[in-house]
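These are the residues of each chain, in order.
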Amino acid sequence: MKRISILILLTTLAGLIWFSLHLASMRIYQVDECTEVYVARTLATDSARANVGHVTLFQALLSPFTRAFSCSADLFTAARFVMVELFWLNLVLMALATGEKLFSLRGLIALAGAVTLAPLWDYGFEIRHDNLLLTGLLLMWCTGRLRPVGLQSYFIIGAMAAGLEFVAFKSFAYTVPISLAILIFPPPGRKLPRWKFALAWVVGAAATFLIIRLIFGVLGLWELYLLTNHSLSAASSNGHRFWPWKTLARLLGQTPLLLALGMSALVALAVDLRRRGKAALSWEGDLPEGLLFLMVLAVLMINPAPFAYNLLFLVPFLFLFAYKHALLLSKEISGRAAALLPTVVAVLIFGYLVPFAVATRRHLDWPNYRQVRLMYMAENLTDPAKDRIYDGIGMVPSRPIDRRWWLHSFSINSYLDGTGVPVRDLLAEKPPAVFIPSYRTDWLSDEDHAFIRKQYVPLADDFWVLGKKLPSGGGTFDIIHPGRYRIASLEGSDLEGTFPAGMEAVLSPPIEGKITATLDGVTFSNEPVELSVGTHRIECAADCQPTVVWVGPQLNRVGRQDDGDHRYLFFNWY
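Residues numbered from 1 in each chain as written. Predicted model: local features only at pLDDT ≥ 70, side-chain atom pairs only at ≥ 80, totals over all residues. Heavy atoms only, no water.

A. Local environment of the pairing of strand 4 (residues 463-469). Counting buried positions along strand 4 gives five out of seven residues, so the element sits mostly inside the fold. As defined by bridge partners, strand 2 (residues 434-435) adjoins strand 4 across two bridges and the pair is classed as antiparallel. By the bridge assignment, V434 is partnered in strand 4 with V465. By the bridge criterion, four bridges tie strand 3 (residues 456-460) to strand 4 in an arrangement that is antiparallel. Considered in strand 4, the bridge of P458 is made with W464. Hairpin connection, strand 3 to strand 4: the antiparallel pair is bridged by two residues. Across three bridges, the pairing between strand 4 and strand 11 (residues 546-550) is antiparallel. (Buried < 20%, exposed > 50% of the residue type's maximum accessible area, 1.4 Å probe, protein only. Helix = DSSP H or I, 4+ residues; strand = E, 2+ residues; numbered from the N terminus. Pairing = 2+ DSSP bridges.)

The structure is reproduced here in structure tokens:
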């Protein structure tokens, strides 16, 4: 039975590894991932570093993996597969943090329990610095809890605490309590004076700080790191704040058994503390994991913007706490194991595995196909050196953007209350050739949207390009960015709403769209024309409505595009 159980667990883990790779390749990208990839790519290519936005150690470490790719879709794929490796490393560290031997039956059970935590599949292989921060926290905890081998463990903990501060500014909220707990209350087996442990921690932290400071200095990132951290700190203090109830509510549907075990463990811990008093305050039992979980929960509660990805920190440490409690429960019911086996199996299936399967299966309904298609289309319509793409996110990291274009909940107020430069002025200063709307661009003011509608035309609801619909008979129009444009009739322009939707658009032949007209007084040949910045005039027959549509450096016609809804190009909280 033991061999069969191990074989079943290994087969299940192999299947989940495959499924994680599949999801990483096809699941919808989030806006934070676009920012991370854009910054990493910019650091790798050593271009326009002033426009990278917020710089972290995570992006610096990710940048070498983006160096070999020039296509945006390939950049995201490469970064996602790096994150899958980090995802599984975190799961292995969680299993090791339980104190089990990884290749034993109990170790594989602990790993299987960690792997089937649905919130980790929501965010665990997304391209975000939080996953690297979780790696560091788990390493700190494993070093302090499981390896009481003297000064070197404190050196490692100090080094990790300092390094994680460069990964995320918020890391101090986790690393400082963990460090203080291990320094003030050394785990069993550490008999040296506390001041020596503290000195080892300081040496490790100082050494790591100096190394990272040197590396950032050599790469020319130190001043940018300081500047962007200061800007982010100032912006975050003025950003939108909300309570974490919506985030915590996700656990009710995704991990009900974990929640039940965690609450049971807290009650048992409180009873034990009341019964035994100070004798219960030790590293034995599950008190350390309980305090660790409460600390992470407190950090979530005081977080001004507790988005759901913060469950990346709460769930792993809740799992460690619940696992310890589950071991104690299993010992208490060991004499009645046979009688309780059906009940235990039913609870595991319907309280743990079914919620995991349902929550993880939903990701298949949110693919990134539309995002990838728009990346390719935007790249085909732009020159990487001359043309920009605006989405406020950095969805096409192969093209440069202005750092003032970023749209974030921390900074959007500055565009609306007059303290920052309006987006319409930024776009007029450096006009992008392509505009990709999403829920974030919906935050812009009415004046900004009016400017966009005046200068851009939609090929789909979520993809706009420079252009103009003119009245019948023609008229004057302004060009704010030089390049190649196609002039055609409205029926043959391929603009949204000018052709049937769905399969009918595929089956019906496109209209050629040629017109007889003059451009600035000169007859043109219905081929794409190079237009300079300034005012131009088209004159044609009174029954013809001409259009001017950007086609970029290489296309002669964009062609009909699939339907798209900008509200779902990126989607949070699904």
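B. Main features of the state of the cysteines. One pass over the structure, following the stated rule, counts zero disulfides. Of all cysteine sulfurs, the one in C34 lies closest to C71, which takes part in no disulfide; the gap is 14 Å. As a non-bridged cysteine, C544 has C540 as the owner of its nearest cysteine sulfur, 4.1 Å distant. Judged by its relative accessible area of 14%, C544 falls in the buried class. (Disulfide = S-S within 2.5 Å.)

C. Just the packing of aromatic side chains, in detail. Within this structure, the stated rule accounts for 35 aromatic pairs. A centroid spacing of 5.6 Å and a plane angle of 90° characterise the contact between F87 and F125, whose relative ring orientation is edge-to-face. Of this pair, F87 sits in helix 4 (residues 72-97) while F125 sits in the loop between helix 6 (118-123) and helix 7 (129-146), and the two are 38 residues apart along the sequence. Of the residues examined, F87 reaches a relative accessible area of 2% and is grouped as buried. Measuring from centroid to centroid gives 5.6 Å for F216 and Y225, while their planes differ by 85°, and the two rings are edge-to-face. (Phe/Tyr/Trp six-rings, centres within 6.5 Å; stacked < 30°, edge-to-face > 60°.)

D. Layout of the environment of A542. Its location among the elements puts A542 in the loop between strand 10 (534-540) and strand 11. When its relative accessible area of 69% is taken as the criterion, A542 is described as exposed. Apart from residues no more than four positions distant in its own chain, A542 is found in contact with S472 and G473. (Contact = heavy atoms within 4.5 Å.)

E. Expanded view of the pattern of salt bridges. One pass over the full model with this rule turns up 23 salt bridges. The salt bridge involving D122 is made with R362; its shortest N-O contact spans 3.1 Å. Placement of the pair is D122 in helix 6 and R362 in the loop between helix 16 (337-361) and helix 17 (369-380), with a sequence separation of 240 residues. One salt bridge connects D130 with R128, and the closest N-O pair in it is separated by 3.7 Å. (Salt bridge = Lys/Arg side-chain N within 4 Å of Asp/Glu carboxyl O.)

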